[in-house]
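Results of the structural survey
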Amino acid sequence: MTLSARLMGFVMVCLTLLLFGCSPQSAPAAIQLSELQPLPPTSETGITPLRVAIAAVLSPQGTVESYQPLLDYMSAQLNRPIELVQRRTYEEINALIEQGMVDVAFVCTGAYVAGSRDFGMELLVGPQVNGESVYYSYLIVPASSPAAGLADLQGKTFAFTDPMSMTGYFYPSFLVHELGYDTRSFFARTFFTYSHDKAISAVASGIADGAAVDSLVYDAAVAQNPELARQTRIVHQSPPFGIPPVVVNPATRPQIKAELQRLLLDLANTPEGREVLKPIGFERFVTLQDSDYDSVRQVMSTIPTDYNILEASR
Amino acid sequence: MTWYGSDSARQRLWTIFGSVNIRAKVLGMVLGMVLLLGLTVTYQVRVTLADVLEEQLREQGISTTRDLAARATDLILVNDMYGLHQLLQETAANNHNVRYAFVVDTDEHVLAHTFGSGFPQALLQANTAAPESHHQALWLQTDEGRIWDSAVPIFEGRAGIARVGMSEDEMRRTVNRVTGQLLLMTVIVSAVGITAAIVLTWAFTRPILDLVEAAESVAHGDLSPRLTRWANDEVGDLAEAFNAMTEALRKAAQERQERDLLRAQYVSGIITAQEEERKRIARELHDGTGQLLTSLLAGLSALENASTDPLVRERTEDLRKMASHTLQEVRNLAVNLRPSALDDLGLPAAIEHYVGMCIRHYGLDIELTIHGLNEERLSTERETAIYRIVQEALTNVARHAQASSVDVILEKRGDVAIVIIEDNGCGMDLKAMVGKPDKGLGLYGIRERAELLGGKLTIESEPGKGTSLFVMLPLESESLASELIP
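Residues numbered from 1 in each chain as written. Chains lettered and ligands numbered in written order. Predicted model: local features only at pLDDT ≥ 70, side-chain atom pairs only at ≥ 80, totals over all residues. Heavy atoms only, no water.

**Points about the confidence of the model for chain B**
For the record, the criterion: Within a predicted model, pLDDT stands for the predictor's per-residue confidence, ranging from 0 to 100.
Predicted confidence across chain B gives a mean pLDDT of 86, with 95% of residues reaching 70 or more. In the predicted assembly, ipTM is 0.72 and pTM is 0.59.

**Quick notes on the sheet that holds strand β8 (residues 189-192) of chain A**
Residue and element names in this part refer to chain A. Test applied: Strands were regarded as paired on the criterion that DSSP finds at least two bridges between them. A run of H or I in DSSP becomes a helix once it reaches four residues, and a run of E becomes a strand once it reaches two; helices and strands are each numbered from the N terminus. Lines are fitted to the C-alpha atoms to define the axes, a helix being fitted only along its stretch in contact, and any angle between axes, read from their N-to-C directions, falls within 0 to 180 degrees. Contacts: residue pairs with any heavy atoms within 4.5 Å of one another.
Strand order in the open sheet made by the five strands is β8-β7-β9-β6-β10, with mixed pairing throughout. The open sheet has two edge strands, β8 and β10 (232-237), and neither has a second partner. Taken pair by pair, the neighbouring strands of this sheet meet at an average axis angle of 30°, ignoring direction. Sheet analysis places strand β7 (residues 157-160) next to β8, joined by four bridges and oriented parallel. Note on β8: the bridge partner recorded for Phe158 is Thr190. Against the sheet, helix α7 (residues 196-204) engages β6 (137-142), β8, β9 (210-214) and β10, with an angle of about 150° to β9.

**Examining the pairing of strand β5 (residues 160-167) of chain B**
All names here are of chain B. Heads up, the condition is: Burial classes follow relative accessibility: with a 1.4 Å probe on protein chains only, a residue under 20% of its type's maximum area counts as buried, one over 50% as exposed, and anything between as partly exposed.
Among the eight residues in β5, eight count as buried, and that is most of the element. Sheet topology places strand β1 (residues 98-104) next to β5; six bridges connect them, and they run antiparallel. Of the residues in β5, the one forming a bridge with Val104 is Ile161. Between strand β4 (residues 145-154) and β5, which pair antiparallel one after the other, the connecting turn spans five residues, and Phe155 there sits at a positive phi close to 50°.

**Focus on the interface of chain A and chain B**
Condition: Buried area counts how much accessible surface, traced with a 1.4 Å probe, disappears from two parts once they are put together, with both parts' losses summed. Salt bridges are defined as contacts in which a side-chain nitrogen from Lys or Arg sits within 4 Å of a carboxyl oxygen from Asp or Glu. By the criterion applied in these results, polar contacts are pairs of N or O atoms within 3.5 Å in which, for protein atoms, one can donate a hydrogen and the other can accept it, and in which residues neighboring in sequence qualify only through two side-chain atoms. By the convention adopted, Pro, Cys, Tyr, Trp, Phe, Met, Ile, Leu, Val and Ala count as nonpolar, Lys, Arg, Asp and Glu as charged, and the other residues, Gly among them, as polar.
Listed as interface residues are 23 residues of chain A and, on the opposing side, 29 residues of chain B. Roughly 2200 Å² is buried in total at the junction of chain A and chain B, and carbon and sulfur atoms are behind 61% of that figure. When the buried area of chain A at its contact with chain B is split by residue, A:Ile31, A:Leu33 and A:Leu39 rank highest and sum to 32% of it. A:Lys198 serves as the salt-bridge partner of B:Asp74, at 3.5 Å between the closest nitrogen and oxygen. Taken together, the connections running from chain A to chain B amount to seven residue pairs in polar contact (both at pLDDT 80 or more). Counting residues per element, the side of chain A that touches chain B draws most heavily on helix α2 (residues 60-78) of chain A, at four residues. Residues belonging to the side of chain A that touches chain B are distributed by class as follows: 11 nonpolar, seven polar and five charged.

If you want it as structure tokens, here you go:
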């Protein structure tokens, strides 16, 4: 048998295998679309997950991307699954904390002040950025805008973040009030974006003529996407305010509270911990005092209650 | 075998094809072409349209699912189940091809769906998408037909999977509608084509049918029909050619008729002159020569009686017998030339006289039968013709037939006189005689006489089986001769 004949035989065998190996599968039984069955109830896993709420400082997707490493790390350390809970508004998160539906929450400063006043929301820890546990409200305008301050934005479109946001709502309202105007009539049009990154995008893309945003979010966003720095301009920076803290319900068991506090405070002491803090932009977690938020309470108290949405709604 | 088979099949096909008329052929061609074109185009459009629409449906399914996945992300992350439900409902409502849409979470629990109360569990496992994939789409066999099911991971699979099922019902309906419209169009065009073909074939075949009718008239001897040239085409040319042909035929027929007339006049003139001449010679022989011989006989009788010399008496007796014999010969000759009985006593008597002479002269056994000719006399030329025909026929029998008996029948049947002469002689080969008039000069004369009077001669004969002559002469109809001879 010559080499070519042998090769030919090999090819024939391969072809046969290919043909019969790939013979069309028998069609699967038809799916009965009309046979509707009740859906089984969501089965709970044996272990109750730790429910962590994160307020919509960032958009829901941005939150997942930034916080997932931290949550994974916490889950591993606590040997417990973690369920991330997000809601569109700060108020919904506050309600979940109040009702004990979540165990621990990353909230905004304004929401903490409201929560501590309304149902005794407790501080667990607070992040530290650039060696401080404070943040600012930036008043930003599109880079092409001639505006030099809030006064120049009269009769324009303004983007608020959340009705319970310190930097995104209370502080710009306070500034308008100081100018002697009513927030409801000062701007031609206002809207809520329900997250700070969306507010930055709204200004960068020219949808809004101005917005007040969380300095931590803005700095992180600019660091991640330098294009934003060219598209937007900071025209005003607020005095420092107490940083958005990590909180718990006052009824949370002290054992869990202590365990979580120790875990978060220890993060900066291990390489893995430092690694998971990076995407959030925090250096470490530190303990905070409720008095750190007094300046915030002062600003909020000056805003007339009739257009302080939070106050008016209660 | 197969060669024969195909040949006969082809022949059968040709027979079928050839047996239908032109109208059916043209209709068949028009209908065939329209149907062939219509059905081919319909089939092609249907196949192509189905392909294009299916491709669109697949792309639409994937893009709809991708869009749904993108818009569902935030709703799932903030646990907005009502918003998610609304999104699915809107997705289904805004796109008729969407049969269902649903979202499953990372644990494969259905978060929201468009099925209403309950969910087909089998659907859940039918398709899925890997977190890092763009999409995963496939055809599902369901009780409602094929469904193009697309699965797209939401937020890289971290928020679950979006699934959208596209039904091909709308697509099939569109394809069927277009197919229906094309078929309807084909039917309408066929109807228009048939109408046009009917009108065209009517216009086309009418001159041909006229031509057929005219040709049949010509075949029956009527050369008068002329065709109208309907169109300036080949059929028009054919009509003109036909007209030219019938005109030529008419001229030729006229010329032939004139020539026949001339010839008949000529022949008739000859025959008349011959008869006249014979009559004159017969009279001469009878009155002149006959009288002289009678006088000679009387003189010889007187001389015989006056002489007493036995030698003279004997010689005179011999001379008288010789003169008497000569007289008899002269009288026979005169009768043969023109029997005075024909003029004086009529045809039956003349024929009986002649037959009697033939029996005596030739020793033939002749049986003569005459029917219906005794009441009234025929015209002179007919009597002469019949007499000459019988004379000629019997002369032929005596000379050539070597017959022992002959039947001669003369009969008047209505307006026709029939002459039959049958012998039991040696017969003749009729085919051998064709084109040799010198051999059948007698028969030629019989035919000539019969035809001059509008009659007809029929000869039946075979070698060794005798000969029969049938002659039919019309008595009333205008004969060619009576036209010519006033």
